[in-house]
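# Overview (structure and organization)
Listed below are the residues making up each chain.
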Amino acid sequence: MAKKARKVTIVGSGLVGTACAYSMINQSICDEIMMIDRTYDRAVAHALDLSHCMDFTQTRTKVYAGRLEDCRDMDVVVLTAGANPKPGQTRLDVLGEAEKITRDIVSRIVDGGFDGVFVVAANPVDIVTYIVREVSGFPRNRVIGTGTSIDSARLKTLLSEVFAVDPRSVNGYAMGEHGDSQFVAWSHVTIGGKPLLHILEQHKERFRHVKLDEIAQKTKDAGWEIFTRKGNTQFGIGNALAYIVRSILNDEHKIIAVSAVLEGEYGQTGVCCGVPAIIGDGGIEELLELNLTWEEQQKFAHSCGILKAAIASLQL
Ligand SMILES: NC(=O)c1ccc[n+]([C@@H]2O[C@H](COP(=O)([O-])OP(=O)(O)OC[C@H]3O[C@@H](n4cnc5c(N)ncnc54)[C@H](O)[C@@H]3O)[C@@H](O)[C@H]2O)c1
């Protein structure tokens, strides 16, 4: 019986785009991947190189190069084409260049007839996601940014080391901007289902050395720590992208901290930022409104304020 092929385009065949493709191929997440880059030869070369993985994988993924206008039949378009901040710059400093690139790419993809789900990694990711929504005119559920999914993974990794458990046994989220104003919603962090704050209260002596502010700061700085040493990050974010795409294509309903357009949730509108959401074949199936503490609500509002100021500077 003929089965509909699951097709993904990756725009930007750089470090993040190729890490995402490699991860998807090794996990058999889709049937076809189309690589796109403004340097067409780079997309062709990566497609060829990636297609040579197939003899050593579980299932075959067809990989080929294409153009923005060829995305009509795709289920998901992953956007990784963008400007990388230079040392000393923040992610928000590259907004002007990112806006120009994103406008051009998204309008050409949508004019070509694409009607699936956009998944965005290009920085500053919350604002680029907002731009994609505005330029595409898609409903908000079909525009998803990687948001604080990677920061939440970093948080879980740090906590897994402190408490000597598998990171997947830790549940919790970094929320808000994928950037300097993000915060950890400590009131909702659990380890094996047990609230972290209760664990610390119950075992005061044993965990006396645990400083939550330091862990939150390390979570926030983790990207820069990698960036200052090797000039980029790629594998964590490549896997985060693949994880989101898998949840869409398999309708898995995984809960992931993604960047989503807010329409009243957490008292916010006209902004995109990291919040937990159920991800399925419709894209964002539902946003989760956590019962944040008063202090966390203030941090969330502060982060949204920074993002809104950046959005106000756009040509939308
Ligand atoms: N969201 C996250 O957590 C996260 C993590 C790492 C990187 N990033 C962001 O992802 C983006 C890509 O990072 P990278 O390290 O892969 O950069 P890179 O320079 O290695 O790759 C970017 C690629 O995009 C291509 N490109 C640029 N403009 C294009 C256009 N108009 N059309 C088609 N292709 C175009 C370039 O030729 C290049 O191959 C950056 O914005 C970076 O800041 C985000």
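The structure presented is a predicted model; accordingly, all values stated were derived computationally and were not measured.

## Concerning the site of the ligand
For the ligand, the set of nearby residues contains 24 residues, the closest of which are Val-16, Asp-37, Arg-42, Thr-80 and Ala-121. Here an oxygen atom of the ligand sits 2.6 Å away from a polar atom, N or O, in the side chain of Asp-37. One nitrogen or oxygen atom from the side chain of His-178 is found 3.1 Å from an oxygen atom belonging to the ligand. Starting from 860 Å² of accessible surface for the ligand in isolation, the protein chains cover 89%. Going through the elements one at a time, helix H1 (15-26) and helix H3 (95-111) are the ones with two or more residues in the shell around the ligand. Its residues placed into classes, the shell around the ligand shows 11 nonpolar, 10 polar and 3 charged.

## Notes on helix H8 (residues 235-249)
Over its 15 residues, H8 runs 21 Å from end to end, which matches the ideal 21 Å to within 8%, given 1.5 Å per residue. For H8, the complete set of buried residues consists of Ile-237, Gly-238, Ala-240, Leu-241, Ala-242, Ile-244, Val-245, Ser-247, Ile-248 and Leu-249. Positive backbone phi, approximately 50 degrees, marks Asp-251, located one or two places after H8.

## Re a negative patch on the surface
A grouping of Asp-251, Asp-281, Glu-285 and Glu-286 is seen on the molecular surface, where their side chains present a negatively charged patch. Tracing the chain through its elements places Asp-281 in the loop between strand E13 (269-280) and strand E14 (283-287).

## Section: unusual backbone geometry
The residue after Asn-123, namely Pro-124, is reached through a cis peptide bond having omega -5 degrees. Positive phi, normally seen in glycine, also occurs at Asp-251, with a value near 50 degrees. In this structure, Asp-251 sits in the loop between H8 and strand E12 (254-263). Here Asp-251 falls in the partly exposed class, since its relative accessible area comes to 33%.

## Thoughts on the UniProt feature "domain: Lactate/malate dehydrogenase N-terminal" (unreviewed entry) in the protein
UniProt records the feature "domain: Lactate/malate dehydrogenase N-terminal" (unreviewed entry) at residues 7-145, using the numbering of this structure. Overall, residues 7-145 shows 38% helix and 18% strand. The separation of its end C-alpha atoms is 19 Å.

## Digging into the side chain of Thr-9
Mapped onto the secondary structure, Thr-9 falls in strand E1 (residues 7-11). By relative accessible area, which is 0% here, Thr-9 ends up buried. Each residue touching Thr-9, except ones within four places of it in the same chain, is listed here: Met-34, Ile-36, Cys-71, Met-74, Val-76, Val-77 and Val-78.

## Structural notes on the environment of Ile-215
Mapping Ile-215 onto the fold places it in helix H7 (residues 212-230). Under the relative-accessibility criterion, Ile-215 is labelled buried at 9%. If near-sequence neighbours (up to four positions away) are discounted, Ile-215 is found in contact with Leu-155, Leu-158, Leu-159, Val-162, Trp-186 and Val-210.

## Observations concerning the nonpolar core
Core analysis: the largest hydrophobic core is formed by 62 residues, its most contacted members being Met-24, Met-175 and Phe-300. A per-element tally of this core places H8 first, with 8 residues. Counting 23 residues, the second largest nonpolar core, distinct from the first, contains Cys-71, Phe-118, Val-120 and Val-125.

## Here's the deal with the pattern of salt bridges
Under the counting rule described, the total for this entry stands at 18 salt bridges. With its nearest N and O atoms 3.8 Å apart, the salt bridge here joins Lys-299 to Glu-295. Linking Lys-299 with Glu-295, this pair stays in helix H9 (residues 294-312), spanning 4 residues, or about one helical turn. Taken together, the shared-partner salt bridges connect Arg-133, Arg-140, Glu-263 and Glu-265 into one network.

Thresholds applied
Residues numbered from 1 in each chain as written. Predicted model: local features only at pLDDT ≥ 70, side-chain atom pairs only at ≥ 80, totals over all residues. Heavy atoms only, no water. Near = heavy atom within 4 Å. Polar contact = N/O pair within 3.5 Å; in protein donor to acceptor, adjacent residues only side chain to side chain. Areas by Shrake-Rupley, 256 points an atom, 1.4 Å probe, with all protein chains shown as cover. Helix = DSSP H or I, 4+ residues; strand = E, 2+ residues; numbered from the N terminus. Nonpolar A, V, L, I, M, F, W, Y, C, P; charged D, E, K, R; others polar. Expected span 1.5 Å × (residues − 1). Buried < 20%, exposed > 50% of the residue type's maximum accessible area, 1.4 Å probe, protein only. Patch = residues over 30% accessible without salt bridge, like charges linked within 9 Å, V, L, I, M, F, W, Y side chains within 5 Å. Salt bridge = Lys/Arg side-chain N within 4 Å of Asp/Glu carboxyl O. Lys, Arg positive; Asp, Glu negative; His and termini not counted. Charge placed at Lys NZ, Arg CZ, Asp CG, Glu CD. UniProt positions renumbered as here; feature names shortened; annotations may be inferred. Contact = heavy atoms within 4.5 Å. Core = buried A, V, L, I, M, F, W, Y, C linked by side-chain atoms within 4.5 Å.

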